[in-house]
Amino acid sequence: MQQKKINIAVDGFSSCGKSTIAKGLAKELGYTYIDSGAMYRAVALYALRNGWLTPEAINEEQLQKHISDMVITFKTNARGEQETYLNGENVEREIRTLEAANGASRISALPFVRRELVRQQQHLGKEKGVVMDGRDIGTVVFPDAELKLFLTASPEVRARRRFDEMKARGEEPLFEEVLANVKERDLRDTTRAESPLRKADDAFELDNSHIGIDEQLQWALDRYYKITANNEQN
Ligand code: DC
């Protein structure tokens with residue numbers, strides 16, 4: 001019998017390995033992976049390109065006026081990797097810059113931006129079979145998601161992961177600065193007025209500071225099979 005599809009929410013702090021687990025689950029289950037952070041980054045890119053987002057200010061009036069002109073979609077490339085499209089243009093590389101990341105962090109605090117993206121995210125999940133990662137997926141986007149996961153790791157471990165990634169890209173970061181940046185983002189994510197990062201009451205939590213990827217994926221799959229088995233019985 002074909003297993004009934006569910007939605008899976010994966011939330012947690014930055015650099016917690018959410019996308020690794022979400023992509024692994026999607027691959028294993030034949031589900032669609034959706035990176036909600038990429039959507040905030042795409043809006044930031046649009047605003048940056050139009051001069052509505054500068055280091056000094058955000059032109060909220062223009063951004064709000066044009067927010068529903070932005071259509072964000074995802075396509076899989078020849079290597080099987082998912083890429084983000086903004087109004088039909090592949091923007092995957094551009095949204096991964098530090099400028100876009102910082103911009104995303106700022107515009108994601110605006111209520112009208114969140115309202116529009118949550119609407120688009122809910123639309124993407126309406127047929128079920130979606131694994132979405134982010135900050136508010138289990139609390140706001142899919143409060144009825146059948147499976148909710150919440151990942152954590154110590155700030156030091158997450159800073160070390162980010163530090164190693166930067167080194168691998170040929171950058172020369174200072175560990176103390178990377179750690180300070182992780183802590184600063186944690187504070188902003190958890191204290192913003194609109195949809196702050198918080199664990200949903202019914203989410204399963206995993207501190208993956210000292211757990212490998214295979215073990216994490218197995219932990220998530222065990223919860224998926226338990227939940228879908230219970231759903232079959234009811
Ligand atoms: O996960 P990420 O680093 O790609 O996210 C980019 C920014 O968007 C980050 O500052 C947090 C924000 N974000 C959010 O507010 N809500 C989400 N569901 C996903 C990301």
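Heads up: the structure comes first, above all this text.
1. Describing unusual backbone geometry
And step 1. Phi is positive for S15, which is not a glycine, with a value near 55°.
And step 2. With respect to the helices and strands, S15 occurs in the loop between strand 1 (7-12) and helix 1 (18-29).
And step 3. In this structure, S195 takes a positive phi of about 45° despite not being glycine.
And step 4. Mapping S195 onto the fold places it in the loop between helix 8 (175-191) and strand 8 (204-207).

2. What about the pattern of salt bridges?
And step 1. Tallied over the entire structure, the rule returns 15 salt bridges.
And step 2. For R96, the salt bridge is made with E92, and the minimal N-O distance between the two is 2.9 Å.
And step 3. When its relative accessible area of 38% is taken as the criterion, R96 is described as partly exposed.
And step 4. Between E146 and K128 there is a salt bridge whose closest N-O contact spans 2.6 Å. Taken together, the residues E146 in the loop between helix 6 (137-141) and strand 7 (147-152) and K128 in the loop between helix 5 (111-124) and strand 6 (130-134) connect sequence positions 18 residues apart.
And step 5. Judged by its relative accessible area of 26%, E146 is partly exposed.
And step 6. Several salt bridges converge on common partners, so that one network encompasses D35, E92 and R96.

3. What to know about the packing of aromatic side chains
And step 1. All chains considered together, the criterion is met by 5 aromatic pairs.
And step 2. For the ring pair F13 and F150, a centre distance of 6.4 Å and an interplane angle of 75° mean the geometry is edge-to-face. Of the two residues, F13 sits in the loop between strand 1 and helix 1 while F150 sits in strand 7, which places them 137 residues apart along the sequence.
And step 3. Looking at F13, the relative accessible area reads 19%, which means it is buried.
And step 4. Where Y224 meets Y225, the ring centres are 5.1 Å apart and the plane angle is 75°; that geometry is what we call edge-to-face.
And step 5. You can call Y225 partly exposed: its relative accessible area is 44%.

4. So, the site of the ligand
And step 1. Surrounding the ligand, one finds 14 residues, the nearest of these being S36, R41, R114, R135 and D136.
And step 2. Here R41 contributes a side-chain N or O atom positioned 2.7 Å from an oxygen atom of the ligand.
And step 3. R135 places a side-chain nitrogen or oxygen 3.0 Å from an oxygen atom of the ligand.
And step 4. Out of a free accessible area of 440 Å², the ligand has 93% covered by protein chains.
And step 5. Residue composition of the shell around the ligand, grouped by class: 3 nonpolar, 5 polar and 6 charged.

What counts as what
- Residues numbered from 1 in each chain as written.
- Predicted model: local features only at pLDDT ≥ 70, side-chain atom pairs only at ≥ 80, totals over all residues.
- Heavy atoms only, no water.
- Helix = DSSP H or I, 4+ residues; strand = E, 2+ residues; numbered from the N terminus.
- Salt bridge = Lys/Arg side-chain N within 4 Å of Asp/Glu carboxyl O.
- Buried < 20%, exposed > 50% of the residue type's maximum accessible area, 1.4 Å probe, protein only.
- Phe/Tyr/Trp six-rings, centres within 6.5 Å; stacked < 30°, edge-to-face > 60°.
- Near = heavy atom within 4 Å.
- Polar contact = N/O pair within 3.5 Å; in protein donor to acceptor, adjacent residues only side chain to side chain.
- Areas by Shrake-Rupley, 256 points an atom, 1.4 Å probe, with all protein chains shown as cover.
- Nonpolar A, V, L, I, M, F, W, Y, C, P; charged D, E, K, R; others polar.

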